[in-house]
Amino acid sequence: MAISFIVTGVVWRWLMNPAQGDRVSGLTLIFDKLGLDFLINQWHGTPTWGIAAVAIPAVWQMSGYTMALYLAGLRAVPESLREAARVDGASEFQVYRKVIMKLIRPVTLSAIIILGHISLKVFDLIIAMAGKQVALDVPSIYMWTTTFDGFFFGRGAAIGIVLLLSVAVLVIPYLWYTLRQEADS
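Here, residues in each chain are numbered from 1, in the same order as that chain's written sequence. For a predicted model such as this one, the threshold for reporting local features is a pLDDT of at least 70, and the threshold for listing and counting side-chain atom pairs is 80 or more; totals across whole chains, interfaces and linings nevertheless cover every residue. The side-chain values count all of the structure's non-hydrogen atoms but skip hydrogen atoms and water molecules.

## Side note on the side chain of Arg82
Moving on, step 1. Positionally, Arg82 belongs in helix H4 (residues 79-87).
Moving on, step 2. Exposed residues in this analysis have more than 50% of their type's maximum accessible area, buried residues have under 20%, and partly exposed residues fall in between, with area computed by a 1.4 Å probe over protein chains only. We classify Arg82 as buried; its relative accessible area is 14%.
Moving on, step 3. Contact between two residues is taken to exist if any of their heavy atoms lie within 4.5 Å; hydrogens are not considered. Each residue touching Arg82, except ones within four places of it in the same chain, is listed here: Leu74, Val77, Val95 and Ile100. Strands here are runs of E lasting at least two residues and helices are runs of H or I lasting at least four, both read from the DSSP assignment and numbered beginning at the N terminus.

## Comments concerning the packing of aromatic side chains
Moving on, step 1. Stacked, tilted and edge-to-face are the three classes applied to pairs of Phe, Tyr and Trp rings, where Trp contributes its six-membered ring and a pair requires centres within 6.5 Å; stacked means planes under 30 degrees apart, edge-to-face means over 60, and tilted covers the rest. Summed over all chains, the structure comprises five aromatic pairs.
Moving on, step 2. Arranged with centres 5.4 Å apart and planes meeting at 45°, the rings of Phe123 and Trp144 form a pair that is tilted. With a gap of 21 residues between them, Phe123 in the loop between helix H6 (105-120) and helix H7 (124-130) and Trp144 in helix H8 (residues 139-149) connect regions that are remote in the sequence.
Moving on, step 3. Judged by its relative accessible area of 31%, Trp144 is partly exposed.
Moving on, step 4. Between Phe148 and Phe153 the ring centres are 6.4 Å apart and the planes differ by 75°, which places this aromatic pair in the edge-to-face class.
Moving on, step 5. In this structure Phe148 comes out as partly exposed when scored by relative accessible area, which is 43%.
Moving on, step 6. The exposure class assigned to Phe153 is partly exposed, which follows from its relative accessible area of 49%.

## Concerning H8
Structural remark: α-helix, 3.6 residues per turn; residues separated by three or four positions point the same way.
Moving on, step 1. Of all the positions in H8, only Ser140, Ile141, Thr146 and Thr147 are classed as buried.
Moving on, step 2. At its buried positions, H8 is contacted by H7 and helix H9 (153-184).
Moving on, step 3. Phe151 occupies a position one or two residues after H8 and carries a positive phi of about 55°.

## Let's talk about the environment of Ala128
Moving on, step 1. Structurally, Ala128 can be placed in helix H7.
Moving on, step 2. Owing to a relative accessible area of 7%, Ala128 belongs among the buried residues under this scheme.
Moving on, step 3. Put simply, Ala128 and Val7 are 121 residues apart on the chain and 7.8 Å apart in space, counted from C-alpha to C-alpha.
Moving on, step 4. Setting aside anything within four residues of it in sequence, one finds Ala128 in contact with Phe5, Ile6, Gly9, Val10 and Arg13.

## Some words on the packing of helix H1 (residues 5-16) against helix H3 (residues 47-76)
The relative placement of two packed helices comes down to the angle between their axes together with the axis-to-axis distance.
Moving on, step 1. Helix axes are fitted to C-alpha atoms over the stretch in contact, other axes to C-alpha atoms as well, and angles between N-to-C directions run from 0 to 180 degrees. Contact geometry for H1 and H3: axes closest at 10 Å, N-to-C directions at 130°. In terms of orientation, H1 lies oblique with respect to H3. Of the two possible hands of crossing, H1 and H3 adopt the one that is right-handed. The segment H1 lies against H3, with Phe5, Thr8, Trp12 and Met16 engaging Ala53, Ile56, Pro57, Ala58, Trp60, Gln61 and Met62.
Moving on, step 2. Split by residue class, the contact of H1 with H3 holds nine nonpolar, two polar and no charged. With respect to orientation, any angle under 35 degrees is reported as roughly parallel, any angle over 145 as roughly antiparallel, any angle of 65 to 115 as roughly perpendicular, and every other angle as oblique. Each helix crossing is assigned a hand: it is left-handed if the near helix lies turned anticlockwise from the far helix by less than a right angle, otherwise right-handed if that turn is clockwise. Classification used: nonpolar for Ala, Val, Leu, Ile, Met, Phe, Trp, Tyr, Cys and Pro, charged for Asp, Glu, Lys and Arg, polar for all others including Gly.

## Some thoughts on the side chain of His117
Moving on, step 1. In this structure, His117 sits in helix H6.
Moving on, step 2. Among the residues examined, His117 registers a relative accessible area of 19% and is labelled buried.
Moving on, step 3. Separated by 3.0 Å, the side chain of His117 and the backbone oxygen of Ile114 make a polar contact. Polar contacts here mean pairs of N or O atoms no more than 3.5 Å apart (in protein, one a potential hydrogen donor and the other a potential acceptor; neighbouring residues in sequence count only if both atoms are side-chain atoms).

Structure (structure tokens):
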């Protein structure tokens, strides 16, 4: 989480690059050594693998943040509640399902909202990985190509407003829920 999507994109572009000049590198070298030649391709240049080529680095970068959220949520669950559930005869699976998962539901909601709005506006990771040769049709790339490659500035601004409203649809109910929970407690 401490590094930017630009750095992540550049590193993963190096990893996913099928060849650099006359030498093989990154994942291509690993696939070649393991005999998995069918996996060697231009990851970000094909529509089939393009979204996976972006999703893998995004998941890699955001997984630490998500784990930190869940760790904080798990530490906030009092041990006395776990003990009480065990005394009542709950199995360890039931303790997690009925007690812990219900208590960390706000953490899950927070993670979904935060990761959802980041995924809607991901632009820098895609450009750092693929540049203009991207075979993805995501809203932020569509806005860029419409505005700066097609010179339709009004249409690009409208796409930006739709992106803003999409993020607002995710964030405003979350904020309302959070404020309501704080007011009730």
